[in-house]
Amino acid sequence: MEKRITGVMIYYYFICKRKLWYFCHEINMENDNENVMLGKLLDETTYRRDEKHFNIDNVINIDFIKEHKELHEVKKSRAIEEAGIWQVKYYLYYLRQRGVTNLKAQIDYPLLKKNLIIELSDEDICELENVISNISEINNQDMPPNFCQKRICGKCAYHDLCFI
Ligand code: SF4
């Protein structure tokens, strides 16, 4: 059965394809990881006054919509990551496919005290369609993609699985 592509899958696709495979196969170790805990904590404490949380089709989890037609995603990262940008572009893409257009999006990096405006171009749409098809392929594989050590491995919730 085709799996629904979620924003988290798009994020993991750009971070590590092996992590994506673990996640798609519902191997979930995220709760044990300190960094994930930090993310959840930030989620709960940042911008509390403006907070509105939307879950759309279990695909999109938008941290809040601050003003009319403005999506906000809060990232705990201390770096502006390509993966996070593509995740938010996917939100815009997903909603656009369902007739919701003219949305603006912004990623808030509270630890960096920065914001980034995200827009969706025609090239982004082509790239996302490519990414979606690659994610389906990875999901359908019986085994995870080969291990390839990365800078983020030390902080990854699946570290112990990869470094047995
Ligand atoms: S530990 Fe490294 S290789 Fe393994 S899933 Fe995490 S990021 Fe990917």
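Residues numbered from 1 in each chain as written. Predicted model: local features only at pLDDT ≥ 70, side-chain atom pairs only at ≥ 80, totals over all residues. Heavy atoms only, no water.

Trainee: Honestly, the packing of helix H1 (residues 7-15) against helix H4 (residues 82-97) in this entry has me stumped. Any pointers?
Mentor: Axis angle and axis distance: for two packed helices, these are the angle between their axes and the distance between the axes, and together they describe the pair. Between H1 and H4, whose axes approach to 8 Å, the crossing angle comes to 150°. Considering the angle they form, H1 stands roughly antiparallel to H4. Of the two possible hands of crossing, H1 and H4 adopt the one that is right-handed. Note on element contacts: H4 touches H1 through Glu82, Ala83, Gly84, Trp86, Gln87, Tyr90 and Tyr91, opposite Gly7, Val8, Ile10, Tyr11, Phe14 and Ile15. (Axes fitted to C-alpha atoms, helices over the stretch in contact; angles between N-to-C directions. Helix = DSSP H or I, 4+ residues; strand = E, 2+ residues; numbered from the N terminus. Parallel < 35°, antiparallel > 145°, perpendicular 65-115°, else oblique. Left-handed = near helix turned anticlockwise from the far one by under 90°. Contact = heavy atoms within 4.5 Å.)

Trainee: Looking at this model, I keep getting lost on the packing of H4 against helix H5 (residues 122-140). Mind explaining?
Mentor: In contact at an axis separation of 10 Å, H4 and H5 are set at 95° when each is read in the N-to-C sense. Here H4 lies roughly perpendicular to H5, going by the angle between them. Between H4 and H5, the contacting residues are Trp86, Lys89, Tyr90, Tyr93 and Arg96 on the first element and Asp122, Asp124, Ile125, Glu127, Leu128, Glu129 and Ile132 on the second. Looking at the contact of H4 with H5 residue by residue, the classes come out as six nonpolar, no polar and six charged. (Nonpolar A, V, L, I, M, F, W, Y, C, P; charged D, E, K, R; others polar.)

Trainee: Looking at this structure, how should I read a positive patch on the surface?
Mentor: A grouping of Lys76, Arg78, Arg151 and Lys155 is seen on the molecular surface, where their side chains present a positively charged patch. Position of Lys155 relative to the elements: it lies in the loop between H5 and helix H6 (159-162). Owing to a relative accessible area of 59%, Lys155 belongs among the exposed residues under this scheme. (Patch = residues over 30% accessible without salt bridge, like charges linked within 9 Å, V, L, I, M, F, W, Y side chains within 5 Å. Areas by Shrake-Rupley, 256 points an atom, 1.4 Å probe, with all protein chains shown as cover. Salt bridge = Lys/Arg side-chain N within 4 Å of Asp/Glu carboxyl O. Lys, Arg positive; Asp, Glu negative; His and termini not counted. Charge placed at Lys NZ, Arg CZ, Asp CG, Glu CD. Buried < 20%, exposed > 50% of the residue type's maximum accessible area, 1.4 Å probe, protein only.)

Trainee: What should I look at first to understand the environment of Asn134 in this one?
Mentor: Checked against the element boundaries, Asn134 lands in helix H5. Taking C-alpha positions, Asn134 is 9.9 Å from Lys17, a pair spaced 117 residues apart along the chain.

Trainee: Where do I start with the packing of aromatic side chains in this structure?
Mentor: To describe a pair of aromatic rings, one takes the distance between the centres and the angle between the planes. Throughout the structure, instances matching the rule amount to nine aromatic pairs. Aromatic side chains Tyr11 and Tyr12 sit 6.1 Å apart centroid to centroid with 50° between the ring planes, which places their arrangement in the tilted category. Considered together, Tyr11 and Tyr12 belong to a single accessibility category, that of buried residues. Relative to Tyr22, the ring of Trp21 lies with its centre 6.1 Å away and its plane at 70°, an arrangement referred to as edge-to-face. Tyr22 shares its class with Trp21; the two are buried. (Phe/Tyr/Trp six-rings, centres within 6.5 Å; stacked < 30°, edge-to-face > 60°.)

Trainee: Any chance you could explain the pattern of salt bridges here in plain terms?
Mentor: Pairs can form between side chains of opposite charge whenever their charged atoms are close. Tallied over the entire structure, the rule returns two salt bridges. Its salt-bridge partner being Lys75, residue Glu73 comes within 3.4 Å of it at the nearest N-O pair. Note on accessibility: Glu73 and Lys75 belong to one class, buried. Among the salt bridges present, the one from Asp124 reaches Lys89, with a minimum N-O distance of 2.9 Å. In this pair, Asp124 sits in helix H5 while Lys89 sits in helix H4, placing the two residues 35 residues apart along the sequence. Residue Asp124 is classed as buried on the basis of its relative accessible area of 10%.

Trainee: Just checking my understanding: could you explain unusual backbone geometry for this structure?
Mentor: Negative phi characterises most residues that are not glycine, and trans characterises most peptide bonds. At Glu26, a position not held by glycine, the phi torsion is positive, near 55°. The phi dihedral of Lys113 is positive, around 55°, even though this residue is not glycine. For Lys113, the position within the fold is in the loop between strand S5 (104-109) and strand S6 (114-118). For Lys113, a relative accessible area of 76% corresponds to the exposed category.

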